[in-house]
Amino acid sequence: MSIRVVARIRPLLEKELDKDMIVRSDRVEPGKPDTIVKIPNPKNEAEEFSFAFNGVYDQPTSQETLFTCEVQPHLKSLFQGYDVTIFAYGVTGTGKTHTMRGGLKLAERGVIPRLLSGIFRRGRKIAKDTAGQTTARVSLSYYEIYNDKVFDLLEPPEKRTPAGLPLRAEANGRTVVAGLSERACEDLRDFEKLYIEANANRVTAATKLNAHSSRSHAILRVKLTQTTGGAVLESTASAIDLAGSEDNRRTDNGKERLVESAAINKSLFVLSQCIDAISRGDKRIPYRESKMTRILSLGQNKGITVMILNLAPLRSYHLDTLSSLNVSSRAKRIEVREIENEVVFKQVPRANPGVAPGGIARQPLR
Ligand code: ADP
Ligand code: MG
């Protein structure tokens, strides 16, 4: 299994234009593409932390560019029978849903509609090139994992049972969701109708629980079945809009939120462990430790995984951004304690908390 971990920094929104930006992308040497994200140390803003990725997409990056660079190249592998998995990871408000779903306008469409469009197009081309000998069929499942329970998003929320759908281990070692619905999809229009309906189900269900859809993982599975005479080749593309990675305990410590936040933290932690293990080439991938990674058989199949870390460049996200960088960066902090523009003040006013009188405090140049 191969894995790519990339970061995407979103632009400032209209209402944020007067805010500071503290996250920036950088490159290892001039002429190379960006692969580094830089962010100040919140404890000492004179220091900057750097995190390395396989690629970093800065603010002007269009939906089309991201798709062309990170998803399109894997369509061929999907049609060769490999599974392709794409995650959006990050704090709520950083652009996960924008990246995966996107807007309605053509240019604003995200990874998911572009992926489906690419699959349909390639399927039609193969049928044409083989004079109908090979056919490609597409079917969809769409579900969410909320508090470690699985709910079908292609079914109306009224049909949900509190326990959610059970998992079942198949003879081939794979784990499947028992009773998950699967709908055939002929073309992009078919897909969009289903997808819009299902996303409405997600919001309704969350509202009923007095929760927010950012607290569940939404998983779209596209099953591709290619048939040539009696031979059948099956592969899956999964696109996952993960629950917000922020520390919910900091903002809201109600009991329900604590349960949610424990479930979210656990599954995101296991996901990051799996990604680390895969990128190190480990034999043992701890995918059994959470439902999400179990259902996706992460690391157990031959295939390609792309993790997109979404980042908002704002100071108000500082700590959460840092923790999401720590979790998803392959090389962790590569150049910890890179110091820029440092001035050392010997005399510190007593009012400054956390610094002993007469101690040395480091302050950034302003
Ligand atoms: P999340 O799903 O991570 O909570 P959203 O995708 O809802 O975040 O993004 C938060 C806001 O930022 C939305 O208004 C979205 O339209 C906007 N946004 C995110 N990424 C971009 C981008 N690359 N370009 C323009 N707007 C963006
Ligand atoms: Mg979202």
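Here the structure is shown first, and the text comes after it.
Computed from a predicted structure; not experimentally measured.

The rules behind the values
Residues numbered from 1 in each chain as written. Chains lettered and ligands numbered in written order. Predicted model: local features only at pLDDT ≥ 70, side-chain atom pairs only at ≥ 80, totals over all residues. Heavy atoms only, no water. Near = heavy atom within 4 Å. Polar contact = N/O pair within 3.5 Å; in protein donor to acceptor, adjacent residues only side chain to side chain. Areas by Shrake-Rupley, 256 points an atom, 1.4 Å probe, with all protein chains shown as cover. Helix = DSSP H or I, 4+ residues; strand = E, 2+ residues; numbered from the N terminus. Nonpolar A, V, L, I, M, F, W, Y, C, P; charged D, E, K, R; others polar. Expected span 1.5 Å × (residues − 1). Buried < 20%, exposed > 50% of the residue type's maximum accessible area, 1.4 Å probe, protein only. 1 Å grid on protein atoms, 1.4 Å probe; cavity = no way out; pocket = protein on both sides within 12 Å on 5 of 7 lines; lining within 4 Å. Points joined across faces, edges and corners; volume = space filled by probe spheres on them. Axes fitted to C-alpha atoms, helices over the stretch in contact; angles between N-to-C directions. Parallel < 35°, antiparallel > 145°, perpendicular 65-115°, else oblique. Left-handed = near helix turned anticlockwise from the far one by under 90°. Contact = heavy atoms within 4.5 Å. Pairing = 2+ DSSP bridges.

S.K.: Whenever I open this one, the site of ligand 1 confuses me. Can you help?
M.R.: All residues adjacent to ligand 1 are Arg8, Arg10, Pro11, Leu13, Val91, Thr92, Gly93, Thr94, Gly95, Lys96, Thr97 and His98. Taking glycine 95, its main chain carries an N or O atom lying 3.0 Å from an oxygen atom of ligand 1. Contact distances for ligand 1 include 2.7 Å between an oxygen atom and a backbone N or O atom of histidine 98. For ligand 1, the protein covers 69% of the area, taking 560 Å² as the surface of the free molecule. It is helix H3 (residues 96-100) that provides the largest number of residues to the shell around ligand 1, a total of 3 residues. Among the residues making up the shell around ligand 1, the classes are represented as 3 nonpolar, 6 polar and 3 charged.

S.K.: Would you take a moment to explain helix H4 (residues 111-129) for this structure?
M.R.: Quick reminder: α-helices carry 3.6 residues per turn. Residues three or four places apart thus point the same way. When the terminal C-alpha atoms of H4 are compared, their 26 Å separation across 19 residues agrees well with the 27 Å that a helix rising 1.5 Å per residue should span. Considered for burial, the residues of H4 that qualify are Val111, Ile112, Pro113, Arg114, Leu115, Leu116, Ser117, Gly118, Ile119, Phe120 and Gly123. Following H4 by one or two positions, alanine 131 adopts a phi angle in the positive range, close to 50 degrees.

S.K.: How should I be thinking about the layout of surface pockets in this particular structure?
M.R.: Rolled over the atoms, a probe with the dimensions of a water molecule shows which regions are left empty. Put simply, the largest pocket is a space of about 470 Å³. What lines the largest pocket is a set of 21 residues, among which Val176, Glu182, Arg221, Lys223 and Thr236 lie closest to the centre. Counting only elements with at least two residues in the lining of the largest pocket, the list comes to strand S7 (134-146), strand S10 (175-177), strand S12 (217-228) and strand S13 (231-241). Residue composition of the lining of the largest pocket, grouped by class: 5 nonpolar, 8 polar and 8 charged.

S.K.: Would you mind showing me how to read the packing of helix H1 (residues 63-70) against H4 here?
M.R.: The geometry of a pair of packed helices is captured by two quantities: the angle between their axes and the separation between those axes. Closest axis-to-axis distance for the H1/H4 pair is 10 Å, and the angle between their directions is 55 degrees. Put simply, H1 runs oblique to H4. For the element pair H1 and H4, the recorded crossing hand is right-handed. Across from Gln63, Glu64, Leu66 and Phe67 in H1, the residues of H4 making contact are Val111, Arg114 and Leu115.

S.K.: Is there a simple way to think about the pairing of S12 in this case?
M.R.: A regular strand carries its side chains on alternate faces of the sheet. Within S12, 10 of the 12 residues are buried, leaving the element largely enclosed by the surrounding structure. Bridge count between S7 and S12: 12 bridges; the pairing is antiparallel. Pairing of alanine 136 across the sheet is with glutamine 226, part of S12. In the sheet, S12 pairs with S13 via 11 bridges, with the strands oriented antiparallel. When the bridges of S13 are listed, valine 222 appears paired with alanine 237. Between S12 and S13, which pair antiparallel in sequence order, lie 2 residues; one of them, glycine 229, sits at a positive phi of approximately 55 degrees.

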